[in-house]
Each structure stands twice: as structure tokens, then as C-alpha cells.
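An overview of the molecular structure
The chain contents come next:
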Amino acid sequence: MEMESKEHTGVEMTSEDFRAGKYFVFPYSARFRYSWDTGEAVSRFLAELKNGKIIARKCKSCGRTLIPPRMFCERDFVPTDEWVYVKDTGTVKTYSISYLAADASRLREPIVVAVVDIDGASDGMGMLHILKGVSKDQIRIGMRVKAVWKPKAKRRGAITDIDHFEPLRRGEVR
Amino acid sequence: MGAGMTLFRRRLLETGKELSFEAARQALESANLSAKDVRSVVMGTAPEAFDGVHMKGEYLLDGAGGANKPYTRVYVGGGTGVFVPIAAWWHVASGLFDTCLAVSEEKMSPVHPHPQYAFNGIFDYALERPLGVNLVWIFALEMRRYMHKYGITEEEIAQVAVKNKANALDHPCAQLGARITVDDVMKSEPMVWPVKRLDISPPSDGAAAVVLASEEAAKKITKDPVWIDGVGWSIDSTYWTDRELAYPQYLESAAKMAYRMAGIRNARKEVDVVEAYDPFDYKELHHLEGLQLARKGEAARLTTQGVTQRNGEMPVNPSGGLLGVGNPIAAAGTMKVCEIFWQLRGEAGRRQVKRDARTGVAQAWGDLMQFSSVLVARSG
């Protein structure tokens, strides 16, 4: 007994027919508004971003310095122990070039997004951010980068207080 | 015992309930069973934001044949489609029920401007959403890392899209069956490089279903059963920026759990046909490695050598996969389980793999690139 195409039901609505209003459709739009608190760990993290610093949590049990910071260690399942400042420099772990905005519309100019492993955090612990000041051809995994902070007056305790990351100049150390 | 599915299309007229009903009806009919033979029902469907319908389990209940029965919805993101038959399996294997109907549905077309936007809610609201994150970012980041770590090229990865879309030409439900070339993939519009238009599966509407029975009950239903011999699933931490994205460790755990149960020692030698989750072409390669069907970084070479072609030594995605048949999230994973069922029964028609297929593996993947479900099936 082979599966026959006539068995597989389904009526396709073509885009043309759909747009031409051939079918009954009911438009609906819900506008919810949310106010998320950011919890203990991320609240402190964001407060430190406002100061121009990146802070992590240390778990003494496994010895990891955790970015993003959390009040518990998901591996050892114990409370983490202390706050430690880490650097605002790091290494590109991976990157991509986005032609899409959040809603899937095309961006006028593509942007580079990257996961940056942060210096001072445990090996391989990073954050998602935007990379600027480097062309598509120059960018590479392993590239050394630094945070470019917004002016102090414009920081508001958000991940975007780091405006973007950009390449460290040759020999530059922070 | 049986399998069924609807067409997969960008937009179908049927509601989610109607699609669920059609897939479930086909699955039951193919097993010569009726709804009264069904002792329990498991339903799978992914984010509610696609439909704008809350409590989707209840919304779909009547179409899935679950009313007045023990009925559960399970949800593990993109991994749902293979997890639904796994949950159905434990309904039966536990001895609680003789039979279980597993139904998966997805209708991604209602949401505007695009289903990708409905995924915005999966990202951390404080650390990721303010950056304008698009769903495809994370897959492009994973693909780039995978290419870097093992020295894989975009062209090598594109071969998967070419293969799967060609396979889908033989699938009666396929949305995007096509004969394309590596060059077509390379020249297709960049979305989030290295992901290009033809590297990615489409949004789709559709449903798929399978029927399970206990060993005892199966004897009365069919002479030609397909046995689920192993199941596995595992999930990594949600802190994805802390992970090594080049290798799916959680899939290795899930696969080893399933293989242990099925008594498989050397998966590469013992598995005859594979439906690996392929929402992107690189994912098929990534998953073959996690499934222990290729060594790390070697899946591309197997593809180049033709090993994974339908007439190859280890056919992968003979259905056409998500890249070719379409990707109605939960239904797409269950479509893979349907395909393994048809392949092991010799009912896959023009898609039937050449080698004598006795052991098949279906796998799905989801959440924040962190979960995998694996099912091992054998012919009777």
C-alpha cells in the first residue's frame, strides 16, 4: 500500500487569492504592555553597565566566573558566591551579518552581530552584541574587541549602554 | 500502527483543528482503527504567538480526537514533533494505555508581519531583545561557528539544500520541492549571513499524526508493525552565549539514551535510514554528528560523497526534510516519524530508499538551540 497523493488533504490559499480577499479573514491585534523586573543578578549587572563596568558572578564550587551573571550556578545547583568585575574587552566567538530586523523586514544597511567572550569571565562565557568599525571582509572569529560605551549621560542601565563593540587596535590593552 | 499527514503549504484554508482532524483520521484509517480504539491522545503544537490563540491544547482538542479521553499537550519548541510520539510511547510502554494517538499541528500563517517576529519572545528581555534580535541571528551564529571550527564551506553546506529539495519532488505533501544547484543557494538573497534564502526552511501550515499500540494490542491490529525501540531527549543550559555552538552535546546525550535502549552499539553501521532535523541545511550536518552518524566535522564529506542521498549508503531525509516538504514546526518533526514509518514498511513509493531499511532514526531540535529528541524505530 503506497501513500497516494489524493489521501493528503489540504486546500492551499495562494498569496494572490489571500490578498484579493477571496477568503473570510478576521484581523486581530492585541497590544499588551509588560514591565519586567530584572531580578537580583541582572539588576546589578545593568546598574554596573550604567557605571561603564561589566560585572559577573563567581561560583566557588566550580570556579566559574559567570556572564551573564546569575545568583545560582546551573551546573552545581548552589547559590553563587561573589560579584567580580570583568573587563570590557573580549574575543569574537562567532558572528553573523544580519540583513533582517526583528520583525523580518530588510535592514537598509546590514549589521554585524557577534557573541563576544568577555575577558576575565570563564573561558567561553560571552554575550550577544553588535559589532561596528570592521568591514565584512576584515571580521574574523578570534578577533579582539572592546566595548564602546555610550556617553555617561545617555546610559540608563541597559545592555545598550554598551553602544557596540569594535576591534582593539594593534597592541591596545585596557 | 499508522501514519498520516496533510499537505504542507505556506497558507492552508483549514483551521488548526481541521488540519489535526485530517492528519489523525488518515493515521487511524491507515491502521484500520477508529477513534473508539484510541485510549489516549498526545498533542503537539509550538508557540501560541503564531495563532494568537491561548491554551492551544484545548483549542485543538476536538480536532485531535482527544475529547473525553486522557489527553495531554507536550511542548519542547522545535523538538516537539519527535517528542509527541515519544510521549505517546511512554503512555503505552508504561502499561497505562493499549493505544495512543499522537497528533502534531502548526499553523504559522495567521501572524503578521512574519512568523519570525513571533519568536522575539524567546529572547532574554533585558539582555537580548533591546539589541533588535531576529530569530535567524542565533542560527547564523551557530552556522558560522560550526563552519569555523571544522573548516566547512558554505558550498558544502548548500549541498544539503540541493539534496533535500530534490527529494521533496517525490513527496505528495511537499511545499518546496525543487531542482536547484549549489550555485542557486550561494546566489540566493542573504538573510543573516551565512544563512541565505535557500539555506532555510519556509514557514508552513500543516499537521501529521501517528498511532501507537502496545505489543499485545498491535498483534490484533496489523501483521506489519513498526516498533519504537529507543527514545531519548536532552536539553542544554539556556545560557546559550556560554556554549560551544559547533557541536550539539545535548543531542549526543539524547542519541546515546535512545541507542542504549535500542541496543545499538555502532549507529553508523546499524542505522539504515535517517530523518535528521533540517530547518537549515547546516543543521542536517550538525545533527548527523550529534547523532553519532558522522564524526565531528565529517558530515559534509559524507554529503559530498553521496552517502546521504536517497540511494546512498545512509540515506538522510529521503522525505525532503523541512527544507523541501516544509516546516510547520511541530508537524514537521512528526512528518519525519511518519516518513520513517513508511520507509520501514516499504510504503514510501518513489521516496523508498534503495537499501533494505530495517532500522530508522527520526530526530528534532529546538528551544534556544539546546534541545533534541531522538526516536529509533525498527521494522517488525
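Predicted, not measured: the structure shown is a model, and the values here were computed from it. (Residues numbered from 1 in each chain as written. Chains lettered and ligands numbered in written order. Predicted model: local features only at pLDDT ≥ 70, side-chain atom pairs only at ≥ 80, totals over all residues.)

On a plain count of helices and strands, chain A comes out with two helices and 10 strands. The secondary structure elements of chain A, listed N-terminal to C-terminal, are α-α-β-β-β-β-β-β-β-β-β-β. Here chain A has a C-alpha radius of gyration of 23 Å; the compact-globule value for 174 residues is 16 Å, and the former is much larger. In terms of overall dimensions, chain A has a C-alpha envelope of 65 × 45 × 40 Å along the principal axes. Burial analysis of chain A (174 residues in total) assigns 28% to the buried set. In chain A, the proportion of contacts linking residues at least 24 apart, taken out of those at least 6 apart, comes to 49%. (Helix = DSSP H or I, 4+ residues; strand = E, 2+ residues; numbered from the N terminus. Rg over C-alpha atoms; globule rule 2.2 N^0.38 Å. Buried ≥ 20, exposed ≤ 12 C-beta atoms within 10 Å, placed from the backbone. Contact = placed C-beta atoms within 7 Å.)

Turning to the overall build of chain B, a few remarks are in order. If you tally the helices and strands in chain B, you get 14 helices and 11 strands. Whereas a compact globule of 380 residues would reach a radius of gyration of roughly 21 Å, chain B reaches 19 Å, a difference of no more than 12%. With respect to the three principal axes, the spread of C-alpha positions in chain B is 55 × 45 × 35 Å. Within chain B, buried positions represent 64% of all 380 residues. Contacts in chain B between residues far apart in sequence, at least 24 positions, make up 78% of those at least 6 positions apart.

Residue and element names in this part refer to chain B. For helix H5 (residues 135–150), spanning 16 residues, the distance from its first C-alpha to its last is 24 Å, which sits close to the expected 22 Å at 1.5 Å a residue. Burial runs high along H5: 12 of the 16 residues are buried. Within two residues after H5, glycine 151 carries a phi angle of roughly 65°, on the positive side. (Expected span 1.5 Å × (residues − 1).)

Here we come to the packing of helix H6 (residues 154–168) of chain B against helix H11 (residues 281–290) of chain B. All names here are of chain B. Contact pair H6 / H11: the axes reach a minimum separation of 7 Å and the direction vectors enclose 100°. The pairing of H6 with H11 is recorded here as roughly perpendicular in orientation. Residues Ile157, Ala158, Val160 and Ala161 of H6 touch H11, and the partners they reach there are Asp281, Tyr282, Glu284 and Leu285. (Axes fitted to C-alpha atoms, helices over the stretch in contact; angles between N-to-C directions. Parallel < 35°, antiparallel > 145°, perpendicular 65-115°, else oblique.)

We now examine H6 of chain B. Residue and element names in this part refer to chain B. Compared with the 21 Å implied by 1.5 Å per residue over 15 residues, the 22 Å span of H6 between its first and last C-alpha is a close match. Here H6 lies mainly inside the structure; 12 of its 15 residues are buried. Those residues of H6 lying buried are Glu156, Ile157, Ala158, Gln159, Val160, Ala161, Val162, Lys163, Asn164, Lys165, Asn167 and Ala168. In this structure, the buried residues of H6 make contact with helix H7 (182–187), H11, helix H12 (299–304) and helix H13 (321–324).

Quick look at the interface of chain B and chain A now. Tallying the contact residues gives 48 residues for chain B and 47 residues for chain A. Listing elements by their share of the side of chain B that touches chain A, those giving two or more residues are helix H1 (16–30), helix H4 (115–118), H5 and strand S5 (190–193) of chain B. In terms of residues, the side of chain B that touches chain A owes the most to one element, H5 of chain B, which gives seven residues. Here the side of chain B that touches chain A is built from residues that sort into 26 nonpolar, 12 polar and 10 charged. (Nonpolar A, V, L, I, M, F, W, Y, C, P; charged D, E, K, R; others polar.)

Low-confidence regions, as indicated by low pLDDT, have predicted coordinates that should not be scrutinised in detail. Looking at chain B as a whole, its pLDDT mean stands at 97, while 100% of the residues score no less than 70. Here the predicted complex scores 0.96 on pTM and 0.92 on ipTM. (pLDDT = per-residue confidence, 0-100.)

All names here are of chain A. Pairing in this open sheet of three strands is antiparallel, and the strands run S2-S1-S5 from one edge to the other. Single-partner strands in this sheet number two, and they are strand S2 (65–66) and strand S5 (82–86). Helix H2 (residues 39–50) contacts strand S1 (54–58) and S5 of the sheet and is inclined by roughly 150° relative to S1. (Pairing = 2+ DSSP bridges.)

Attention now goes to the packing of helix H3 (residues 80–93) of chain B against helix H14 (residues 329–345) of chain B. All names here are of chain B. Between H3 and H14, the least distance of the axes is 6 Å, while the angle of their chain directions is 60°. Between H3 and H14, the angle is such that the two are oblique. Only Ile329, Ala330, Ala331, Ala332, Gly333, Thr334, Lys336 and Val337 of H14 make contact with H3, whose side of the interface consists of Thr80, Gly81, Val82, Val84 and Pro85. Considering only residue class, the contact of H3 with H14 consists of eight nonpolar, four polar and one charged.

Residue and element names in this part refer to chain B. Spatial strand order, S8-S11-S10-S9: four strands in an open sheet with mixed pairing. Two strands lie at the open edges of the sheet, namely strand S8 (226–235) and strand S9 (273–275), each paired on one side alone. Across the sheet, the mean angle from the axis of one strand to that of its neighbour is 15°, orientation sign disregarded. Relative to strand S11 (residues 371–379), strand S10 (residues 359–366) is paired through eight bridges, and the arrangement is antiparallel. The residue bridging glycine 360 from the neighbouring strand is alanine 377, located in S11.

Turning next to the environment of alanine 64 of chain B. With respect to the helices and strands, alanine 64 of chain B occurs in the loop between helix H2 (56–60) and strand S3 (71–74). Excluding residues that lie within four positions of it along the chain, alanine 64 of chain B makes contacts with Ser20, Ala24, Val41, Met43 and Val103 of chain B.

Residue and element names in this part refer to chain B. Put simply, histidine 112 and proline 113 share a cis peptide bond, and its omega is 5°. Inspection of the secondary structure puts proline 113 in the loop between strand S4 (99–107) and H4. Positioned with a positive phi, asparagine 68 is a non-glycine residue whose angle comes to about 65°. Asparagine 68 gets classed as exposed once you count the C-beta atoms within 10 Å, which come to 7. Positive phi, normally seen in glycine, also occurs at aspartate 367, with a value near 55°. Mapped onto the fold, aspartate 367 is located in the loop between S10 and S11. A residue is classified by how many C-beta atoms lie within 10 Å of it, and aspartate 367, with 19 of them, is partly exposed.

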